[in-house]
Amino acid sequence: MSRAFGIVTSSANHIKVEGMQDYRPIGAFSFLGRYRVIDFPISNMSNSGIDRIQVYTRRNPRSLAEHLGTGRHYNINSKRGKLQLLFSENSSANDFYNTDINAFWENIEIIERMHQPYVVIAPNYMVYTQNFETLLQAHIDSGADITLLYHKVNNAREAYLNCDVLNLNKQKGVESIEKNRGNTKERNIFMDTYVMSKDLFISLIREAKKLSSMYTLPQIVNIKASELDVRGIAHRGYFATITDFKSYFDANLALIDYKQATDLFDPEWPIYTRTTDSCPTQYFEGASVKNSVVSNGCLIEGTVENSVIGRGCEIKKGAVVKNSVILANSVIGKDVHIENQVIDKWAQVIHAKEIIADPEKPGYVKRDDTV
């Protein structure tokens, strides 16, 4: 059993994925056809031996609750392990008050009852792999009060604009946490991933709650950085954030590239998800599929290029799908041309014969919609 319990937080108020987030939290978003975004932090914890995991959500929880179930498909210890879905039951009509600190405060008794001396906190809107047991040991060996995970990037002017960044000294000590304003090319993107003792975590919750009803965990850590020993550790490997609609679109299509996919997926570090028993995808005469990821249970009669196709989709004869993300059980009708689009679950594109958007501003067809 791990020395730490895990917490998967919900996305902050400033993160908004237009359209899709109206139906489900970001953690429940379909990713690369067969996964959900939340599968990555939970799999990281499970693979690291963390078998007591709390998942926080605020609104539209049905899709997430259905996917998580008992947590058995995440290979969590069936005897001692537990996956809990926790809510902010007294959420305010004003989202400024619905912070992560408020969610922790409402569930403080559950946090206090955890037997593990440490906590690992990870977000539900970032995709990466990380051995948290190794991270925990590095934290303990360093003697730091708090360890934060970050990823160094050289495109911070145009990307990661809704993320926090770490300002580090030469010894990798965290001097401050601030928003990425897009004014510097190279930044250390904070991955919203923390390691600290359970007692310190509880004290930070209490202090933040006392100081301001609007404080978040990054804000209280930033304030305490001058008093505590807060260290940063660099992450290596694939890293994606889903902080707006474009970043979701880009993160899916980026993993069509085999090299990037192998940077994320490792046979020795499986990403668990809820499986669906269905037949293999059928490719009919005249079908053409190039450079795409196609999930099981699909019926492909048309052309698919550079796209991600979810489970149970139908691409009818003469249809063309390019540079698009098609979510599960959608239908692309006969002779329909789709390009640079995200088609949500159960949508049917059968009447509109051409839906094309600029790749820098991909389009969106709503869930259960017929166009």
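Rules of the game
Residues numbered from 1 in each chain as written. Predicted model: local features only at pLDDT ≥ 70, side-chain atom pairs only at ≥ 80, totals over all residues. Heavy atoms only, no water. Helix = DSSP H or I, 4+ residues; strand = E, 2+ residues; numbered from the N terminus. Rg over C-alpha atoms; globule rule 2.2 N^0.38 Å. Buried < 20%, exposed > 50% of the residue type's maximum accessible area, 1.4 Å probe, protein only. Contact = heavy atoms within 4.5 Å. Areas by Shrake-Rupley, 256 points an atom, 1.4 Å probe, with all protein chains shown as cover. Lys, Arg positive; Asp, Glu negative; His and termini not counted. Charge placed at Lys NZ, Arg CZ, Asp CG, Glu CD. Polar contact = N/O pair within 3.5 Å; in protein donor to acceptor, adjacent residues only side chain to side chain. Pairing = 2+ DSSP bridges. Arc of directions from axis to C-beta. Phe/Tyr/Trp six-rings, centres within 6.5 Å; stacked < 30°, edge-to-face > 60°. Salt bridge = Lys/Arg side-chain N within 4 Å of Asp/Glu carboxyl O.

Draft legend 1. A look at the overall build of the protein. Check the secondary structure of the protein and you find 9 helices and 28 strands. For 371 residues, the compact-globule estimate of 2.2 N^0.38 gives 21 Å, and the protein sits close to it at 21 Å. For the C-alpha atoms alone, the extent of the protein along its principal axes is close to 65 × 50 × 45 Å. Evaluated residue by residue, the protein yields a buried proportion of 52% over its 371 residues. For the protein, contacts bridging at least 24 residues in sequence account for 59% of all contacts bridging at least 6. For the protein, the computed accessible surface area is about 16,600 Å², with 46% contributed by carbon and sulfur atoms. If the 43 positive side-chain charges of the protein are averaged to one point and the 43 negative ones to another, these points end up 2 Å apart.

Draft legend 2. Inspection of the side chain of S247 at higher detail. Structurally, S247 can be placed in helix 8 (residues 245-254). For S247, a relative accessible area of 15% corresponds to the buried category. A distance of 3.0 Å separates a polar side-chain atom of S247 from the backbone nitrogen of T243. Not counting residues within four places of it along the chain, the set of residues in contact with S247 comprises T241 and I242.

Draft legend 3. Expanded view of the pairing of strand 6 (residues 118-123). Most of strand 6 sits out of view: 5 of its 6 residues are buried. Judged from the 6 bridges that link them, strand 1 (residues 4-9) and strand 6 form a sheet pairing that is parallel. If you follow V8 over to strand 6, its bridge partner there is A122. Sheet analysis places strand 6 next to strand 11 (residues 187-197), joined by 4 bridges and oriented antiparallel. Opposite I121, over in strand 11, you have Y194 as the bridge partner.

Draft legend 4. Expanded view of helix 5 (residues 132-142). Looking only at helix 5, the buried set comprises F132, L135, L136 and H139. One face of helix 5 carries all of its buried residues, which in axial projection span an arc of 100 degrees. At the N-terminal end of helix 5, a side-chain oxygen is found 2.9 Å from the backbone nitrogen of E133, two or three residues along, and the residue is N131.

Draft legend 5. Layout of the packing of aromatic side chains. Inspection of every chain in the model, using the stated rule, returns 11 aromatic pairs. With a centroid separation of 5.6 Å and an interplanar angle of 85 degrees, the aromatic rings of F31 and F40 are classed as edge-to-face. Each member of the pair F31 and F40 is classed as buried. Judged by centre distance (5.4 Å) and plane angle (25 degrees), the rings of Y35 and F265 are stacked. One end of the pair, Y35, is in strand 3 (residues 35-36); the other, F265, is in the loop between helix 9 (258-264) and strand 14 (282-283), and 230 residues separate them in sequence. For Y35, a relative accessible area of 11% corresponds to the buried category. We classify F265 as partly exposed; its relative accessible area is 23%. Here the aromatic cluster, defined as three or more aromatic residues joined through ring pairs, consists of F31, Y35, F40 and F265.

Draft legend 6. Seen up close, the pattern of salt bridges. Under the defined criterion, the tally for this structure stands at 14 salt bridges. Here K179 ties to D164 by a salt bridge, and the two come within 3.0 Å at their closest N and O atoms. One end of the pair, K179, is in strand 10 (residues 174-179); the other, D164, is in strand 9 (residues 164-168), with 15 residues separating them in the sequence. For K179, a relative accessible area of 29% gives the class partly exposed. Taking the relative accessible area as the measure of exposure, D164 reaches 10% and is therefore buried. One salt bridge connects E227 with K224, and the closest N-O pair in it is separated by 2.9 Å. Through salt bridges with shared partners, a single ionic network connects E207, K224 and E227.

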